[in-house]
Amino acid sequence: MEILTLPHTDLKVSGLCLGTASFGADISEADSFAMLDGFVEQGGNFLDTAAIYADWTPAGKGSSERLLSKWLSARSPQDIVIASKGAHPELHSMAVGRMTPQDVEGDLNASLGNLGVESIDLYYLHRDDPAVPVEEILEMLEGFKSAGKVRYYACSNWHANRIREAQEIARKMNVAGFVASQPLWSLAKPDLTGGDQTLAPMNDELLALHGETGLPAIPYTSQANGYFQKIADGKELKAAVAATYDSEIVRPLNRGRFSRLQTLSAETGLSLTQLVLGWLRGHEFPVVPIIGPQSVGQLEDSLRAADVKLSAQQVAELAGTA
Ligand SMILES: NC(=O)c1ccc[n+]([C@@H]2O[C@H](COP(=O)([O-])OP(=O)(O)OC[C@H]3O[C@@H](n4cnc5c(N)ncnc54)[C@H](OP(=O)(O)O)[C@@H]3O)[C@@H](O)[C@H]2O)c1
(Lines give C-alpha, C1' and ligand atoms only; values in the text may rest on other atoms or scores of the structure.)
Protein backbone atom coordinates (compact mmCIF):
# COMPACT_ATOMS: atom_id res chain seq x y z
CA MET A 1 0.00 0.00 0.00
CA GLU A 2 1.25 3.50 -0.77
CA ILE A 3 2.83 5.28 2.21
CA LEU A 4 2.74 9.07 2.16
CA THR A 5 4.17 11.67 4.49
CA LEU A 6 1.53 14.13 5.63
CA PRO A 7 2.86 17.61 4.74
CA HIS A 8 4.32 19.61 7.66
CA THR A 9 4.68 16.41 9.74
CA ASP A 10 6.89 13.35 9.95
CA LEU A 11 3.80 11.11 9.95
CA LYS A 12 4.15 8.40 7.31
CA VAL A 13 0.66 7.02 6.75
CA SER A 14 -0.85 4.37 4.49
CA GLY A 15 -3.00 5.52 1.57
CA LEU A 16 -6.10 4.20 3.35
CA CYS A 17 -6.90 4.75 7.02
CA LEU A 18 -8.87 2.12 8.98
CA GLY A 19 -11.89 3.49 10.86
CA THR A 20 -12.48 1.67 14.14
CA ALA A 21 -15.64 3.32 15.52
CA SER A 22 -17.44 -0.02 15.88
CA PHE A 23 -14.44 -2.04 17.06
CA GLY A 24 -14.91 -3.62 20.48
CA ALA A 25 -18.60 -2.64 20.39
CA ASP A 26 -20.81 -3.68 17.42
CA ILE A 27 -17.82 -5.66 16.13
CA SER A 28 -16.51 -8.32 18.54
CA GLU A 29 -12.96 -8.30 19.84
CA ALA A 30 -12.02 -11.35 17.74
CA ASP A 31 -13.39 -9.83 14.51
CA SER A 32 -11.81 -6.44 15.32
CA PHE A 33 -8.43 -8.12 15.85
CA ALA A 34 -8.85 -10.03 12.56
CA MET A 35 -9.51 -6.78 10.68
CA LEU A 36 -6.63 -4.93 12.33
CA ASP A 37 -4.30 -7.85 11.56
CA GLY A 38 -5.52 -8.01 7.95
CA PHE A 39 -5.08 -4.25 7.48
CA VAL A 40 -1.49 -4.31 8.80
CA GLU A 41 -0.61 -7.46 6.80
CA GLN A 42 -1.55 -5.55 3.64
CA GLY A 43 0.64 -2.57 4.52
CA GLY A 44 -1.88 -0.38 6.38
CA ASN A 45 -0.63 1.55 9.43
CA PHE A 46 -3.08 4.44 9.91
CA LEU A 47 -5.93 3.95 12.45
CA ASP A 48 -8.79 6.31 13.24
CA THR A 49 -10.59 6.36 16.59
CA ALA A 50 -12.17 8.89 18.99
CA ALA A 51 -12.92 9.37 22.68
CA ILE A 52 -16.69 9.30 22.00
CA TYR A 53 -16.68 5.91 20.17
CA ALA A 54 -18.92 3.89 20.98
CA ASP A 55 -20.90 5.93 23.48
CA TRP A 56 -24.10 4.99 21.64
CA THR A 57 -23.71 1.23 22.28
CA PRO A 58 -23.87 -0.85 25.48
CA ALA A 59 -20.06 -1.23 25.24
CA GLY A 60 -19.85 2.50 26.02
CA LYS A 61 -17.57 5.47 25.42
CA GLY A 62 -13.92 4.63 24.82
CA SER A 63 -14.47 1.01 23.74
CA SER A 64 -12.81 1.56 20.35
CA GLU A 65 -9.73 3.09 22.00
CA ARG A 66 -9.58 0.34 24.64
CA LEU A 67 -9.84 -2.32 21.93
CA LEU A 68 -6.96 -0.68 20.07
CA SER A 69 -4.90 -0.61 23.26
CA LYS A 70 -5.47 -4.35 23.74
CA TRP A 71 -4.50 -5.07 20.15
CA LEU A 72 -1.39 -2.85 20.35
CA SER A 73 -0.25 -4.72 23.50
CA ALA A 74 -0.95 -8.11 21.96
CA ARG A 75 0.75 -7.44 18.61
CA SER A 76 3.35 -4.66 19.18
CA PRO A 77 3.02 -3.59 15.53
CA GLN A 78 5.68 -1.34 13.97
CA ASP A 79 5.13 2.20 12.66
CA ILE A 80 1.44 2.48 13.56
CA VAL A 81 -0.01 6.00 13.37
CA ILE A 82 -2.96 6.56 15.70
CA ALA A 83 -5.44 9.35 15.17
CA SER A 84 -7.99 10.10 17.87
CA LYS A 85 -10.47 12.92 18.51
CA GLY A 86 -11.91 14.96 21.32
CA ALA A 87 -14.23 17.95 21.84
CA HIS A 88 -17.31 16.07 20.63
CA PRO A 89 -20.55 17.38 22.17
CA GLU A 90 -22.36 15.05 24.55
CA LEU A 91 -24.76 12.91 22.49
CA HIS A 92 -27.80 14.22 24.40
CA SER A 93 -26.89 17.89 23.73
CA MET A 94 -25.30 18.02 20.30
CA ALA A 95 -25.89 21.77 19.93
CA VAL A 96 -23.79 22.53 23.01
CA GLY A 97 -20.11 22.89 22.10
CA ARG A 98 -17.40 21.31 24.24
CA MET A 99 -14.32 23.39 23.47
CA THR A 100 -13.18 24.66 26.88
CA PRO A 101 -9.60 23.61 27.77
CA GLN A 102 -11.10 21.51 30.61
CA ASP A 103 -13.44 19.68 28.20
CA VAL A 104 -10.80 18.98 25.60
CA GLU A 105 -7.98 18.12 27.99
CA GLY A 106 -10.39 15.82 29.84
CA ASP A 107 -11.13 14.01 26.56
CA LEU A 108 -7.45 13.90 25.65
CA ASN A 109 -6.44 12.45 29.03
CA ALA A 110 -9.20 9.84 28.74
CA SER A 111 -7.95 8.89 25.25
CA LEU A 112 -4.33 8.62 26.42
CA GLY A 113 -5.49 6.33 29.24
CA ASN A 114 -7.79 4.24 27.05
CA LEU A 115 -5.15 3.83 24.35
CA GLY A 116 -2.35 3.23 26.85
CA VAL A 117 -0.01 5.64 25.03
CA GLU A 118 1.94 8.69 26.18
CA SER A 119 1.22 10.73 23.07
CA ILE A 120 -1.37 10.69 20.28
CA ASP A 121 0.14 10.98 16.79
CA LEU A 122 -2.68 13.00 15.25
CA TYR A 123 -5.31 14.61 17.46
CA TYR A 124 -8.49 15.98 15.88
CA LEU A 125 -11.06 18.33 17.25
CA HIS A 126 -14.14 16.22 16.45
CA ARG A 127 -16.38 19.29 16.07
CA ASP A 128 -16.00 23.08 16.15
CA ASP A 129 -17.54 25.58 18.56
CA PRO A 130 -17.77 28.83 16.57
CA ALA A 131 -18.37 30.75 19.81
CA VAL A 132 -14.75 30.12 20.83
CA PRO A 133 -12.11 32.29 19.11
CA VAL A 134 -9.79 30.24 16.90
CA GLU A 135 -6.75 31.82 18.54
CA GLU A 136 -7.73 30.39 21.94
CA ILE A 137 -8.24 26.98 20.35
CA LEU A 138 -4.81 26.96 18.70
CA GLU A 139 -3.14 28.11 21.93
CA MET A 140 -4.83 25.23 23.77
CA LEU A 141 -3.69 22.72 21.12
CA GLU A 142 -0.13 24.10 21.14
CA GLY A 143 -0.19 23.59 24.92
CA PHE A 144 -1.05 19.89 24.41
CA LYS A 145 1.80 19.66 21.91
CA SER A 146 4.32 21.29 24.26
CA ALA A 147 3.23 18.91 27.03
CA GLY A 148 3.97 15.99 24.67
CA LYS A 149 0.38 14.73 24.78
CA VAL A 150 -0.17 15.09 21.02
CA ARG A 151 2.35 15.09 18.16
CA TYR A 152 0.19 16.95 15.60
CA TYR A 153 -3.35 18.26 15.58
CA ALA A 154 -6.12 18.57 12.99
CA CYS A 155 -9.83 19.34 12.68
CA SER A 156 -12.94 17.39 11.77
CA ASN A 157 -16.29 18.89 10.76
CA TRP A 158 -14.91 22.41 10.55
CA HIS A 159 -16.22 24.89 7.98
CA ALA A 160 -13.86 26.48 5.44
CA ASN A 161 -13.99 29.99 6.93
CA ARG A 162 -12.86 28.74 10.35
CA ILE A 163 -10.08 26.58 8.86
CA ARG A 164 -8.85 29.58 6.85
CA GLU A 165 -8.85 31.65 10.03
CA ALA A 166 -6.90 28.91 11.83
CA GLN A 167 -4.36 28.78 9.01
CA GLU A 168 -3.90 32.56 9.17
CA ILE A 169 -3.44 32.55 12.96
CA ALA A 170 -1.06 29.57 12.79
CA ARG A 171 1.09 31.53 10.32
CA LYS A 172 1.23 34.48 12.74
CA MET A 173 2.06 32.15 15.65
CA ASN A 174 4.71 30.49 13.43
CA VAL A 175 3.29 27.01 14.06
CA ALA A 176 2.03 24.29 11.69
CA GLY A 177 -1.58 24.54 12.92
CA PHE A 178 -4.06 22.00 11.55
CA VAL A 179 -2.15 19.47 9.45
CA ALA A 180 -5.30 17.86 8.03
CA SER A 181 -9.06 18.08 7.96
CA GLN A 182 -11.48 15.15 8.35
CA PRO A 183 -14.74 16.00 6.54
CA LEU A 184 -17.71 13.84 5.60
CA TRP A 185 -16.96 13.21 1.91
CA SER A 186 -17.67 10.61 -0.73
CA LEU A 187 -18.75 10.48 -4.36
CA ALA A 188 -22.36 10.44 -3.14
CA LYS A 189 -23.63 13.85 -2.03
CA PRO A 190 -25.31 13.71 1.40
CA ASP A 191 -28.64 15.32 2.25
CA LEU A 192 -28.19 16.41 5.86
CA THR A 193 -31.38 18.46 6.20
CA GLY A 194 -32.83 16.13 8.84
CA GLY A 195 -29.51 15.11 10.35
CA ASP A 196 -26.76 16.27 12.69
CA GLN A 197 -26.34 20.01 12.15
CA THR A 198 -22.83 19.99 13.66
CA LEU A 199 -21.43 18.18 10.62
CA ALA A 200 -19.46 20.15 8.02
CA PRO A 201 -19.31 17.99 4.89
CA MET A 202 -17.03 18.66 1.93
CA ASN A 203 -18.41 21.44 -0.26
CA ASP A 204 -17.14 23.82 -2.95
CA GLU A 205 -15.59 26.22 -0.43
CA LEU A 206 -13.73 23.43 1.37
CA LEU A 207 -12.63 21.89 -1.93
CA ALA A 208 -11.20 25.25 -3.00
CA LEU A 209 -9.36 25.57 0.31
CA HIS A 210 -7.78 22.13 -0.01
CA GLY A 211 -6.87 22.81 -3.65
CA GLU A 212 -5.29 26.20 -2.88
CA THR A 213 -3.42 25.25 0.29
CA GLY A 214 -2.69 21.53 -0.21
CA LEU A 215 -4.20 20.75 3.20
CA PRO A 216 -4.71 16.95 3.30
CA ALA A 217 -8.28 15.66 3.53
CA ILE A 218 -8.88 12.46 5.48
CA PRO A 219 -12.55 11.86 4.63
CA TYR A 220 -14.92 9.75 6.70
CA THR A 221 -17.96 7.85 5.40
CA SER A 222 -15.88 7.69 2.25
CA GLN A 223 -18.00 4.85 0.83
CA ALA A 224 -21.29 6.58 1.62
CA ASN A 225 -22.12 3.61 3.86
CA GLY A 226 -21.92 1.29 0.84
CA TYR A 227 -24.66 3.24 -1.04
CA PHE A 228 -23.43 2.51 -4.59
CA GLN A 229 -22.47 -1.12 -3.89
CA LYS A 230 -25.83 -1.85 -2.32
CA ILE A 231 -27.71 -0.42 -5.32
CA ALA A 232 -25.52 -2.49 -7.66
CA ASP A 233 -26.24 -5.63 -5.59
CA GLY A 234 -29.99 -4.86 -5.61
CA LYS A 235 -30.02 -4.66 -1.80
CA GLU A 236 -32.51 -2.54 0.07
CA LEU A 237 -30.87 0.60 1.50
CA LYS A 238 -31.00 0.97 5.29
CA ALA A 239 -33.38 3.80 6.29
CA ALA A 240 -30.57 6.15 7.40
CA VAL A 241 -28.58 5.54 4.20
CA ALA A 242 -31.66 6.10 2.03
CA ALA A 243 -32.51 9.32 3.91
CA THR A 244 -28.98 10.68 3.49
CA TYR A 245 -28.03 9.58 -0.03
CA ASP A 246 -31.27 8.74 -1.82
CA SER A 247 -33.62 11.52 -0.71
CA GLU A 248 -35.60 13.48 -3.30
CA ILE A 249 -33.00 16.27 -3.11
CA VAL A 250 -29.86 14.22 -3.86
CA ARG A 251 -31.22 11.13 -5.60
CA PRO A 252 -31.06 12.49 -9.17
CA LEU A 253 -27.41 13.55 -8.69
CA ASN A 254 -26.34 10.35 -6.91
CA ARG A 255 -28.20 8.01 -9.29
CA GLY A 256 -26.50 9.84 -12.20
CA ARG A 257 -23.14 9.23 -10.53
CA PHE A 258 -24.08 5.56 -10.02
CA SER A 259 -24.80 5.18 -13.69
CA ARG A 260 -21.44 6.75 -14.65
CA LEU A 261 -19.72 4.46 -12.11
CA GLN A 262 -21.20 1.44 -13.86
CA THR A 263 -20.01 2.68 -17.25
CA LEU A 264 -16.48 3.38 -15.98
CA SER A 265 -16.40 0.01 -14.20
CA ALA A 266 -17.26 -1.77 -17.46
CA GLU A 267 -14.60 0.25 -19.35
CA THR A 268 -11.78 -0.18 -16.81
CA GLY A 269 -12.56 -3.47 -15.06
CA LEU A 270 -12.29 -1.68 -11.71
CA SER A 271 -14.85 -2.52 -9.00
CA LEU A 272 -17.27 0.09 -7.66
CA THR A 273 -15.31 0.20 -4.38
CA GLN A 274 -12.06 0.80 -6.29
CA LEU A 275 -13.69 3.59 -8.29
CA VAL A 276 -15.37 5.25 -5.29
CA LEU A 277 -12.15 5.30 -3.22
CA GLY A 278 -9.95 5.95 -6.29
CA TRP A 279 -12.14 8.98 -7.07
CA LEU A 280 -11.34 10.52 -3.68
CA ARG A 281 -7.63 9.72 -4.03
CA GLY A 282 -7.55 11.21 -7.55
CA HIS A 283 -7.95 14.80 -6.30
CA GLU A 284 -5.09 17.27 -6.67
CA PHE A 285 -4.33 17.47 -2.92
CA PRO A 286 -3.46 14.57 -0.55
CA VAL A 287 -6.55 12.49 0.27
CA VAL A 288 -6.46 9.51 2.64
CA PRO A 289 -9.94 7.93 2.77
CA ILE A 290 -11.02 6.34 6.04
CA ILE A 291 -12.61 2.96 5.32
CA GLY A 292 -15.33 1.56 7.57
CA PRO A 293 -15.53 -2.20 6.94
CA GLN A 294 -17.77 -4.24 9.23
CA SER A 295 -16.30 -7.61 8.23
CA VAL A 296 -13.08 -9.12 6.91
CA GLY A 297 -14.78 -9.53 3.51
CA GLN A 298 -15.56 -5.79 3.30
CA LEU A 299 -12.03 -4.98 4.50
CA GLU A 300 -10.52 -7.11 1.73
CA ASP A 301 -12.79 -5.52 -0.87
CA SER A 302 -11.87 -1.99 0.29
CA LEU A 303 -8.14 -2.78 0.45
CA ARG A 304 -8.21 -3.79 -3.22
CA ALA A 305 -8.72 -0.05 -3.82
CA ALA A 306 -5.54 0.88 -1.97
CA ASP A 307 -3.43 1.59 -5.03
CA VAL A 308 -6.16 2.98 -7.30
CA LYS A 309 -6.10 6.69 -8.11
CA LEU A 310 -8.35 8.00 -10.88
CA SER A 311 -7.15 10.60 -13.39
CA ALA A 312 -8.32 14.22 -13.16
CA GLN A 313 -10.52 13.55 -16.22
CA GLN A 314 -12.14 10.49 -14.60
CA VAL A 315 -12.64 12.42 -11.34
CA ALA A 316 -14.50 15.17 -13.20
CA GLU A 317 -16.47 12.71 -15.36
CA LEU A 318 -17.73 10.70 -12.36
CA ALA A 319 -18.79 13.83 -10.51
CA GLY A 320 -20.50 15.08 -13.64
CA THR A 321 -18.44 18.25 -13.83
CA ALA A 322 -16.35 17.30 -16.92
N1 LIG B 1 -15.14 12.62 12.18
C2 LIG B 1 -16.37 12.17 12.27
O3 LIG B 1 -17.29 12.90 12.68
C4 LIG B 1 -16.68 10.75 11.84
C5 LIG B 1 -18.01 10.35 11.63
C6 LIG B 1 -18.26 9.04 11.20
C7 LIG B 1 -17.21 8.16 11.01
N8 LIG B 1 -15.91 8.56 11.24
C9 LIG B 1 -14.76 7.62 11.05
O10 LIG B 1 -14.85 7.03 9.78
C11 LIG B 1 -14.92 5.60 9.89
C12 LIG B 1 -15.76 5.03 8.79
O13 LIG B 1 -17.03 5.68 8.78
P14 LIG B 1 -18.30 4.98 8.17
O15 LIG B 1 -18.45 3.64 8.80
O16 LIG B 1 -19.40 5.96 8.24
O17 LIG B 1 -17.82 4.83 6.61
P18 LIG B 1 -18.28 3.98 5.38
O19 LIG B 1 -17.18 3.03 5.04
O20 LIG B 1 -18.74 4.90 4.30
O21 LIG B 1 -19.56 3.17 5.87
C22 LIG B 1 -19.45 1.90 6.46
C23 LIG B 1 -20.58 1.03 5.90
O24 LIG B 1 -20.40 0.92 4.50
C25 LIG B 1 -20.62 -0.41 4.09
N26 LIG B 1 -19.34 -0.89 3.54
C27 LIG B 1 -18.09 -0.66 3.99
N28 LIG B 1 -17.19 -1.26 3.18
C29 LIG B 1 -17.90 -1.87 2.21
C30 LIG B 1 -17.55 -2.65 1.09
N31 LIG B 1 -16.27 -2.91 0.80
N32 LIG B 1 -18.54 -3.12 0.29
C33 LIG B 1 -19.84 -2.84 0.57
N34 LIG B 1 -20.24 -2.10 1.62
C35 LIG B 1 -19.28 -1.63 2.43
C36 LIG B 1 -21.07 -1.20 5.31
O37 LIG B 1 -22.47 -1.20 5.33
P38 LIG B 1 -23.28 -2.49 5.91
O39 LIG B 1 -22.83 -2.66 7.31
O40 LIG B 1 -24.71 -2.05 5.76
O41 LIG B 1 -22.91 -3.65 5.01
C42 LIG B 1 -20.51 -0.38 6.45
O43 LIG B 1 -21.29 -0.47 7.61
C44 LIG B 1 -15.43 5.34 11.31
O45 LIG B 1 -15.05 4.08 11.80
C46 LIG B 1 -14.74 6.47 12.06
O47 LIG B 1 -13.39 6.10 12.31
C48 LIG B 1 -15.64 9.85 11.63
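Read on for a plain summary of the structure. Note that the structure is predicted; figures quoted are calculated from it, not measured.

**Let's talk about unusual backbone geometry**
Moving on, step 1. Cis rather than trans, the peptide bond between Y53 and A54 has omega equal to -10°.
Moving on, step 2. Locating A54 in the fold gives a position in the loop between β4 (46-48) and α2 (63-75).
Moving on, step 3. Although it is not a glycine, T221 adopts a positive phi angle of roughly 50°.
Moving on, step 4. Structurally, T221 can be placed in the loop between α6 (204-213) and α7 (227-232).
Moving on, step 5. Positive phi is not limited to glycine here, since A224 has a value of about 50°.

**Observations concerning the nonpolar core**
Moving on, step 1. Counting residues in each nonpolar core, the largest one holds 97 residues, and the members touching the most others are L122 and L125.
Moving on, step 2. Setting aside residues no more than four positions away along its own chain, L122 makes contact with L6, L11, F46, I82, A83, S84, Y152, Y153, A154, V179 and I218.

**A few points about the layout of surface pockets**
Where empty space is left becomes clear once a probe the size of a water molecule has been rolled over the atoms.
Moving on, step 1. One number sums up the size of the second largest pocket: a volume of about 630 Å³.
Moving on, step 2. Lining the second largest pocket are 26 residues; nearest its centre among them are W185, D204, L207, R257 and W279.
Moving on, step 3. Going through the elements one at a time, α6, α9 (251-268) and α12 (312-319) are the ones with two or more residues in the lining of the second largest pocket.

**Section: the pattern of salt bridges**
Any two side chains of opposite charge can pair, on the condition that their charged atoms come close.
Moving on, step 1. As enumerated under the stated definition, the model contains 17 salt bridges in all.
Moving on, step 2. A salt bridge links R281 to E2; the shortest N-O distance between them is 2.4 Å. Here the residue R281 occupies a position in helix α10 (residues 272-281), and E2 occupies one in the segment before β1 (3-5), the gap between them amounting to 279 residues.
Moving on, step 3. One salt bridge in this structure joins R98 and D107, with 3.0 Å as the shortest N-O distance. No difference in accessibility class separates R98 from D107, as the two residues are buried.
Moving on, step 4. One network of salt bridges, with partners in common, ties together K61, E90, R98 and D107.

**Some points on helix α1 (residues 29-41)**
Helical periodicity: at 3.6 residues per turn, an α-helix aligns residues three or four positions apart in one direction.
Moving on, step 1. Helix length check: α1 (13 residues) gives 18 Å between terminal C-alpha atoms against 18 Å at 1.5 Å per residue, within 8%.
Moving on, step 2. When we look at burial in α1, the residues that qualify are S32, F33, M35, L36, D37, G38 and F39.
Moving on, step 3. Residues of α1 that are buried in the fold lie against β2 (12-14), β3 (17-19), β4, α2 and α11 (296-303).
Moving on, step 4. Positive backbone phi, approximately 95°, marks G43, located one or two places after α1.

Parameters and conventions
- Residues numbered from 1 in each chain as written.
- Predicted model: local features only at pLDDT ≥ 70, side-chain atom pairs only at ≥ 80, totals over all residues.
- Heavy atoms only, no water.
- Helix = DSSP H or I, 4+ residues; strand = E, 2+ residues; numbered from the N terminus.
- Core = buried A, V, L, I, M, F, W, Y, C linked by side-chain atoms within 4.5 Å.
- Buried < 20%, exposed > 50% of the residue type's maximum accessible area, 1.4 Å probe, protein only.
- Contact = heavy atoms within 4.5 Å.
- 1 Å grid on protein atoms, 1.4 Å probe; cavity = no way out; pocket = protein on both sides within 12 Å on 5 of 7 lines; lining within 4 Å.
- Points joined across faces, edges and corners; volume = space filled by probe spheres on them.
- Salt bridge = Lys/Arg side-chain N within 4 Å of Asp/Glu carboxyl O.
- Expected span 1.5 Å × (residues − 1).

Any functional reading would require information beyond the geometric quantities listed.
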